Amino acid sequence: MPQKTAPKQEEPKVAAPIALVIEKKPGEEVVQEVIQTTVVEAPQGVKTEKTFDKEAWQPKTILGSKVKTGEVNHIDQILDAGYPILEASIVDALLPNMESDLLAIGQSKGKFGGGKKSIWRQVQKKTAEGNKPSFAALVIIGNKDGYLGMGYGKARETLPAREKAVRKAKLNMIKVQRGCGSWECGCGGNHSIACKIVAKCGSVIVELLPAPKGTGLAMEKEVSKILAMAGIKDVYSHTYGQTRTKLNHVKAVFEALRLLSQVKQTKKTHAVATSHE
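Only a predicted model underlies this, so the values are computations on that prediction, with no experimental measurement involved. (Residues numbered from 1 in each chain as written. Predicted model: local features only at pLDDT ≥ 70, side-chain atom pairs only at ≥ 80, totals over all residues. Heavy atoms only, no water.)

Caption draft 1: Main features of the environment of Lys-233. Structurally, Lys-233 is set in the loop between helix H5 (221-230) and strand E12 (235-240). With relative accessibility at 59%, the residue Lys-233 sits in the exposed group. Measuring from C-alpha to C-alpha, the distance between Lys-233 and Ser-192 comes to 6.0 Å, with 41 residues separating the pair along the chain. Those residues within four positions of Lys-233 in sequence are excluded, and the remaining contacts are His-191, Gly-216 and Leu-217. (Helix = DSSP H or I, 4+ residues; strand = E, 2+ residues; numbered from the N terminus. Buried < 20%, exposed > 50% of the residue type's maximum accessible area, 1.4 Å probe, protein only. Contact = heavy atoms within 4.5 Å.)

Here it is, written out as structure tokens:
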């Protein structure tokens, strides 16, 4: 019988060498060195990270066209006016240094109902054809300097769910008002929040209180990622209700940060905003 041979792997393409000329001046003499460099292209089928190209971007909304032409050159012009962001590319153009993170809102399968935390929340639909699984992901994005977004995406596969969540997070951007409202510190910096804030989602009630420098984020690990992405370093917190429902817990914290932008601050008083919707 003829022996089967393994398929040959495609080798990465190597572009033509490029000559780089470097001039050095040891003393008065000028010495030129020519260094041969090559550019290696990724093999076929391998995806590389895509960078946002503002020139190739074709906006679909009036706000997007204003961003591309330079009429709107800062994200505060959009958030302060309350304009809805309908294109994710608007955030890519105005906030290029954004970071993203997936929160563990699910649980992997394990014996006796137990399992490790997972970034994918999996559910199944019972049909006549069988079980149809779907996955959900919760993504937070921010620049660690007062801008934050959160999105929830669902799909039949994991990667489309993550991409959908990232896109929704860019459409749900908020500006977090930071400060130093702790009487123990009073430095006037932006390491904490300016006042006490209370928010609710489902049965979960979250209270965020200002804290002095060096305290850290005194709260649950996954929830602390939200405040760290917004640039907050020191906070006290109290939580009530079914905090094991991680999705409601996360949404309550995000709602509390959103309410901070609606509180009018003065130098002598600190207001308290509450939300029990």
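Caption draft 2: Representation of the pairing of strand E8 (residues 147-155) within the structure. With seven of nine residues buried, E8 is to be regarded as a mostly interior element. Judged from the eight bridges that link them, strand E7 (residues 130-142) and E8 form a sheet pairing that is antiparallel. Following the sheet pairing, Ala-136 is matched in E8 by Lys-154. Joining the antiparallel neighbours E7 and E8 is a turn of four residues, in which Lys-144 adopts a positive phi near 60°. Across three bridges, E8 lies against strand E9 (residues 173-175) in antiparallel orientation. Counterpart to Tyr-147 in the pairing with E9 is Lys-175. (Pairing = 2+ DSSP bridges.)

Caption draft 3: Broad picture of the sheet that holds strand E10 (residues 197-201). With antiparallel pairing, three strands are arranged side by side in an open sheet as E10-E11-E12. What marks the edges here is a single partner per strand, and that holds for E10 and E12. Across this sheet, the average inter-strand angle for adjacent strands is 20°, counted without regard to direction. In the sheet, strand E11 (residues 204-210) pairs with E12 via six bridges, with the strands oriented antiparallel. Looking across to E12, one finds that Ile-205 is bridged to Tyr-240. Its contacts with the sheet put helix H6 (residues 246-260) on E10, E11 and E12, and the angle it makes with E10 is roughly 140°. (Axes fitted to C-alpha atoms, helices over the stretch in contact; angles between N-to-C directions.)

Caption draft 4: Examining the layout of surface pockets more closely. Volume-wise, the second largest pocket comes out at about 190 Å³. The wall of the second largest pocket is formed by Leu-79, Asp-80, Asn-172, Met-173, Ile-174, Lys-175, Val-176, Gln-177, Arg-258 and Ser-261. Sort the elements by how many residues they give to the lining of the second largest pocket and E9 lands first, with three residues. Within the lining of the second largest pocket, the residues separate by chemical class into four nonpolar, three polar and three charged. (1 Å grid on protein atoms, 1.4 Å probe; cavity = no way out; pocket = protein on both sides within 12 Å on 5 of 7 lines; lining within 4 Å. Points joined across faces, edges and corners; volume = space filled by probe spheres on them. Nonpolar A, V, L, I, M, F, W, Y, C, P; charged D, E, K, R; others polar.)

Caption draft 5: Expanded view of the pairing of E7. One ladder, built from four bridges, connects strand E3 (residues 99-102) with E7; its direction is antiparallel. Pairing of Asp-101 across the sheet is with Ile-140, part of E7. Bridge count for strand E6 (residues 121-127) against E7 is seven bridges, and the pairing is antiparallel. Counted as the bridge partner of Gln-124 is Pro-133 from E7.

Purely geometric stuff here, so don't read any function into it on its own.
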